[in-house]
Structure formats: C-alpha cells, structure tokens
Amino acid sequence: MRPLLDTVLDALRTGAAERRGPLPAGGPDAVTAHVRTTLGTVLPDHGTGDHEALRTLVHALAAGAADPADPLCAAHLHCPPLAVATAADLAAGALNPSLDSWDQAPAASAIEALLTRTLAAEFYDTPHPDALVTTGGTEANQLALLLARERHGPRLTVLHGAGAHHSVPRAAWLLGLPPATELPTPAGVLDPARLAEALATTPGPTLVTATAGTTDAGLIDPLPAIADLCDHHGADLHIDAAYGGLLALSPRHRHRLAGLGRAHSLTVDLHKLGWQPVAAGLLAVPDTALLAPLAPLAHQADYLNATDDTEAGLPDLLGRSLRTTRRPDAFKIATTLRSLGRDGLAHLIDRTCELAQHLAQRLDAHPGFELHAPPTISTVLFRPTHATDDELATLRRALLHQGRAVLGRTHADGRLWLKATLLNPHTTAGDLDTLIALLEGSTHR
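Since this is a predicted model, take the numbers as computed values, not measurements.

Peer 1: Looking at this structure, I do not really get the overall build of the chain. What am I missing?
Peer 2: The helix and strand inventory of the chain stands at 14 helices and 12 strands. C-alpha extents for the chain along the principal axes are approximately 65 × 60 × 40 Å. Relative to its 445 residues, the chain shows a buried fraction of 49%. Partitioning the intrachain contacts of the chain with sequence separation of at least 6 by distance along the chain shows that 72% fall at a separation of at least 24. Averaging the positions of the 34 positive and the 47 negative side-chain charges in the chain gives two centres separated by 5 Å.

Here's what the structure looks like:
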C-alpha cells in the first residue's frame with residue numbers, strides 16, 4: 001500500500017491546489033460537469049491501473065470538495081478529521097474487521113468494549129455505565145427511542161423542543177410510536193414551565209428529549225430543571241448531546257452540561273467536537289442493563305452467535321447494534337484518545353470555543369453586522385445590518401457559487417441569519433478577519 005498512499009497524498013495536494021478555496025467555484029452544474037469530464041467512463045472495458053485510478057479520482061474528489069480543513073468552510077457540524085484518526089481509519093479499512101461476530105474482529109471487539117465503557121464513565125458516575133457505537137446522532141436517537149419503547153410499550157409519548165434534531169420525531173414515526181409532540185421554544189431552549197404543563201397533561205408513559213447543543217444555534221437546554229421535572233412526573237429523559245457532549249472533557253466548559261448524567265440515555269458524536277472521520281457516534285447509558293432489549297437472546301443467528309459458542313465463552317456482539325456488518329469505528333477513537341489524552345482533547349475543545357467567542361465579539365463591534373447572541377458552544381449567528389432575508393440568502397448562495405466561503409443559514413426570531421459553525425481548532429484570528437472582510441466586500445456590492 002505504501003506507493004499507493006504516496007499517490008493518494010499527492011492527488012489530495014494537487015486537488016486542493018486546483019480548488020483554491022473552501023469549495024469549488026461554479027455551483028452544482030459546473031462541479032458535476034467537471035467530475036463527468038474527468039471520470040469519463042465509470043466502468044471502462046479495460047482498467048487504467050491502480051495509480052492512474054487513484055490519481056484521477058482522488059484529485060477530482062479533492063478539487064471538488066467542501067474542505068472542512070479550510071477556515072472559511074464553516075457551515076455545518078462537519079469537522080476536519082485529525083490526521084491520526086484518519087491514519088487509524090486506514091488501518092481499520094485494510095484489516096476490514098466486522099463487529100457482528102467475535103471471530104471476525106477479535107481485537108477490534110475488545111477495543112470497542114474498553115472504549116465504550118471508558119467514554120460512558122465520562123458522562124455517568126455509576127457502577128456500570130456503557131455505550132454503543134453508532135453512525136451518529138440519528139442512529140443514536142433512534143436507539144434511545146427504541147429502548148424507551150421496549151421499556152414502556154408502543155403508547156410511549158415523546159416530548160421535544162422545537163430546536164430538537166429532526167431525527168427525534170422521525171424516529172418516533174419509524175418505530176410506530178404516537179407522533180412526537182413538539183413544544184415551542186421562544187428563547188431557543190426548552191422552557192421548564194411549558195414542559196411542566198405538557199407533562200402534567202400527557203397520559204401514559206413519556207420520554208422527554210432534551211438537547212445539549214442544538215443544530216441551528218448550539219444552545220443547551222436547562223438540563224437540571226428538565227431532569228427535576230422528569231423525576232417529578234415519572235418520565236424518562238434522553239439528552240441529545242451529539243454536538244455538546246464532548247464539552248464534558250473540558251474542565252473549562254463541563255459545567256455547561258450540569259444534569260447530563262441524570263439522563264436514561266445520551267447521544268454523543270465524536271465526528272463533531274471529537275475530530276473523527278465520519279462516522280463516530282455513541283449512545284451512552286448509565287447501566288449496561290438498560291441495553292438488555294437489544295440482547296441477542298431474541299435476535300439470534302446461528303452462523304454469528306450460536307448458543308453453544310456463547311456458552312463456551314465467545315463474546316456475542318449482535319446485541320451491540322441494530323446493524324449486522326459494521327466497521328470498527330471505535331478503533332480510530334481509541335487511537336485519538338491515546339494520542340492526545342484528556343488534556344489534548346480539552347485544549348482543542350477550548351480553542352474552538354474561544355474562536356467562536358472571538359468571531360462573535362468582532363461581529364458585535366462591527367457596524368455592518370448584527371450578532372444574534374453570544375455563542376454557547378461554537379456556533380455564531382449573525383447577519384449584515386441592512387440586508388433583507390432575500391438578500392442574505394442570495395449572498396450566501398453567491399459565496400457558495402464563487403467557492404469563497406461556506407456558511408450555513410437558519411431562522412431565529414422570525415428572521416434569516418447566517419451561521420458560522422466553527423469546528424477547526426487551527427483557525428486563526430486572522431482567518432476570521434478574512435471572513436469578515438470577505439463579507440464586507442460582498443455586502444457593499
């Protein structure tokens with residue numbers, strides 16, 4: 001593989017040089033036409049060889065990428081993966097273990113078990129915390145609702161705030177539960193008073209889904225008050241901390257997550273503030289017994305988890321996921337934790353949050369921009385002072401088509417806002433000044 005990797009790295013470099021920015025210029029039609037011309041025949045009659053194929057396709061991929069390592073690519077919860085995690089992912093791909101039976105993944109399954117329990121203990125101060133590796137927040141939220149349904153039956157009611165991730169009501173629909181109830185959040189977070197009213201009038205078993213890091217603004221619901229209400233009304237609590245959960249590793253920021261450990265389940269993503277290649281999600285629980293509904297006693301396949309093999313001591317892995325074949329995504333995470341340690345990860349988290357504060361302060365002091373609010377984590381909402389919503393949307397699309405900046409958009413307080421989601425800890429204050437200068441020039445046209 002070594003000479004092939006040289007070809008890949010060279011093509012990544014030349015493709016990025018051709019792109020010359022956070023994403024390719026020209027918009028969807030131009031990118032599609034360029035890819036079609038570059039690839040030609042996708043399935044040729046005769047192959048071109050390893051090096052040519054890699055050189056051509058990796059170059060095209062890099063030249064046409066929205067590159068999260070570029071400081072001006074700041075629209076989504078889409079992080080630049082750490083080199084050490086990417087290298088570890090390569091090893092996993094080369095060995096290709098599948099975590100659906102021990103005889104396909106002996107070491108990988110042991111690493112996953114150690115990693116999941118270690119990370120679960122960061123969120124829960126309980127004797128037997130545990131976690132499952134997922135593809136991300138969507139799968140983790142679905143698993144959380146599934147476990148709650150198995151505890152309480154199919155008449156379970158799900159309550160969530162308007163800022164909850166779309167996967168929560170979607171999971172209720174997929175699982176055949178009653179339609180999830182959305183509670184208004186005028187201030188952007190769940191209001192304990194409104195939640196108390198809903199809990200008092202909701203018959204039967206209830207699951208409250210709170211959020212620690214909303215997708216649109218990075219807001220954190222008042223977790224202690226929500227947990228108190230759930231205790232009072234006998235409701236289960238799930239917290240979607242896909243975005244904000246890793247703040248728990250930072251001594252400077254973990255206070256923002258007070259109450260997190262009182263949830264029956266937690267969603268956490270490490271392909272956000274953990275800087276892992278996609279996918280790297282977790283569903284954590286305070287006790288491994290809460291995962292019992294997934295136990296393979298009811299989901300048995302003789303070729304993977306024969307009863308006599310399990311009784312003889314071979315670990316049974318089918319109860320660790322709804323998926324059968326699955327990659328050892330725990331491996332890159334374990335490698336990163338060993339490489340950086342707790343203090344190294346905390347430094348990256350703190351640095352990223354500092355950058356968001358710096359950008360917010362610069363925008364707040366600038367007469368040409370309006371800041372929505374100080375950032376809670378690393379998302380900054382702002383807009384040009386005198387722009388209409390249509391002008392703001394047109395500005396964002398123009399920057400995309402020109403390949404100059406990737407910014408998100410969201411509605412808050414009845415207006416449209418630009419969204420900068422900072423997840424690159426290597427961004428500098430100068431890079432942020434460049435972004436502001438670019439926007440200044442665009443708004444003055």
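Peer 1: Where do I start with the sheet that holds strand β1 (residues 73-74) in this structure?
Peer 2: The strands that make up a sheet are held in pairs by hydrogen bonds between backbone atoms, and each pair lies either parallel or antiparallel. Spatial strand order, β1-β11-β12-β10-β9: five strands in an open sheet with mixed pairing. One side of each edge strand has no neighbouring strand; the edge strands of this open sheet are β1 and β9 (369-371). Note that β1 and strand β11 (residues 406-412) share two bridges and pair parallel. In the strand pairing of β11, C73 is matched with V406.

Peer 1: Sorry if this is basic, but what is going on with the packing of helix α4 (residues 83-95) against helix α12 (residues 329-364) here?
Peer 2: What describes two packed helices is the angle between their axes and the distance between those same axes. α12 packs onto α4 with a crossing angle of 140 degrees between their chain directions and a minimal axis gap of 8 Å. As the angle between them shows, α4 and α12 are arranged oblique. Crossing hand, α4 versus α12: right-handed. Across from V84, A85, A88, D89, A91 and A92 in α4, the residues of α12 making contact are F331, K332, T335, T336, S339 and L340.

Peer 1: Any chance you could explain the pairing of strand β5 (residues 206-211) here in plain terms?
Peer 2: Along β5, six of the six residues are buried, which leaves the element largely enclosed by surrounding structure. Pairing analysis gives four bridges linking strand β3 (residues 157-161) to β5, with the strands arranged parallel. Counted as the bridge partner of T157 is T206 from β5. The pairing of β5 with strand β6 (residues 236-240) spans five bridges and is classified as parallel. Within β6, the position partnered with A210 by the bridge is I239. Crossover β5 to β6 through helix α9 (residues 223-233) is right-handed.

Peer 1: Got a minute to help me understand helix α2 (residues 27-39) in this structure?
Peer 2: Taking 1.5 Å as the rise per residue, α2 with 13 residues should run 18 Å; its terminal C-alpha atoms sit 18 Å apart, in good agreement. Positive backbone phi, approximately 65 degrees, marks G40, located one or two places after α2.

Peer 1: What is the right way to read the sheet that holds β6 from this model?
Peer 2: Ordered by their spatial adjacency, seven strands build an open sheet running β2-β8-β7-β6-β5-β3-β4, and the pairing between neighbours is mixed. Here the strands that pair on one side only, and so sit at the sheet edges, are β2 (130-134) and β4 (181-183). Pairs of neighbouring strands in the sheet enclose a mean axial angle of 20 degrees, with direction left out of account.

Peer 1: So what exactly am I meant to see when it comes to the state of the cysteines here?
Peer 2: Two cysteines joined by a covalent bond between their sulfur atoms form a disulfide. The full count for this structure, using the stated rule, is zero disulfides. Summary of cysteine pairing: C79 is not part of a disulfide, and the nearest cysteine sulfur, belonging to C73, is at 11 Å.

Peer 1: Got a minute to help me understand the packing of aromatic side chains in this structure?
Peer 2: Within a pair of aromatic rings, the relevant descriptors are the distance that separates the centres and the angle that separates the planes. On inspection of all chains with the given rule, the structure shows one aromatic pair. A cation sits over an aromatic face here: R383 above W417, 5.8 Å from the ring centre.

Peer 1: Any chance you could explain unusual backbone geometry here in plain terms?
Peer 2: Outside of glycine, negative phi angles account for most residues, and trans bonds account for most peptide bonds. That bond from V278 to A279 is cis: its omega, 10 degrees, falls within 30 degrees of zero. Looking at the element boundaries, A279 is found in the loop between β7 (265-269) and β8 (281-285). Phi is positive for R20, close to 60 degrees, though the residue is something other than glycine. Relative to the helices and strands, R20 resides in the loop between α1 (2-19) and α2. By relative accessible area, R20 is classed as exposed at 74%. For D413, which is not glycine, the phi torsion reads 55 degrees and is therefore positive.

Criteria and cut-off values
- Residues numbered from 1 in each chain as written.
- Predicted model: local features only at pLDDT ≥ 70, side-chain atom pairs only at ≥ 80, totals over all residues.
- Heavy atoms only, no water.
- Helix = DSSP H or I, 4+ residues; strand = E, 2+ residues; numbered from the N terminus.
- Buried < 20%, exposed > 50% of the residue type's maximum accessible area, 1.4 Å probe, protein only.
- Contact = heavy atoms within 4.5 Å.
- Lys, Arg positive; Asp, Glu negative; His and termini not counted.
- Charge placed at Lys NZ, Arg CZ, Asp CG, Glu CD.
- Pairing = 2+ DSSP bridges.
- Axes fitted to C-alpha atoms, helices over the stretch in contact; angles between N-to-C directions.
- Parallel < 35°, antiparallel > 145°, perpendicular 65-115°, else oblique.
- Left-handed = near helix turned anticlockwise from the far one by under 90°.
- Right-handed = clockwise from strand over helix to strand, strands pointing away.
- Expected span 1.5 Å × (residues − 1).
- Disulfide = S-S within 2.5 Å.
- Phe/Tyr/Trp six-rings, centres within 6.5 Å; stacked < 30°, edge-to-face > 60°.
- Lys NZ or Arg CZ within 6 Å of the ring centre and 35° of its normal.

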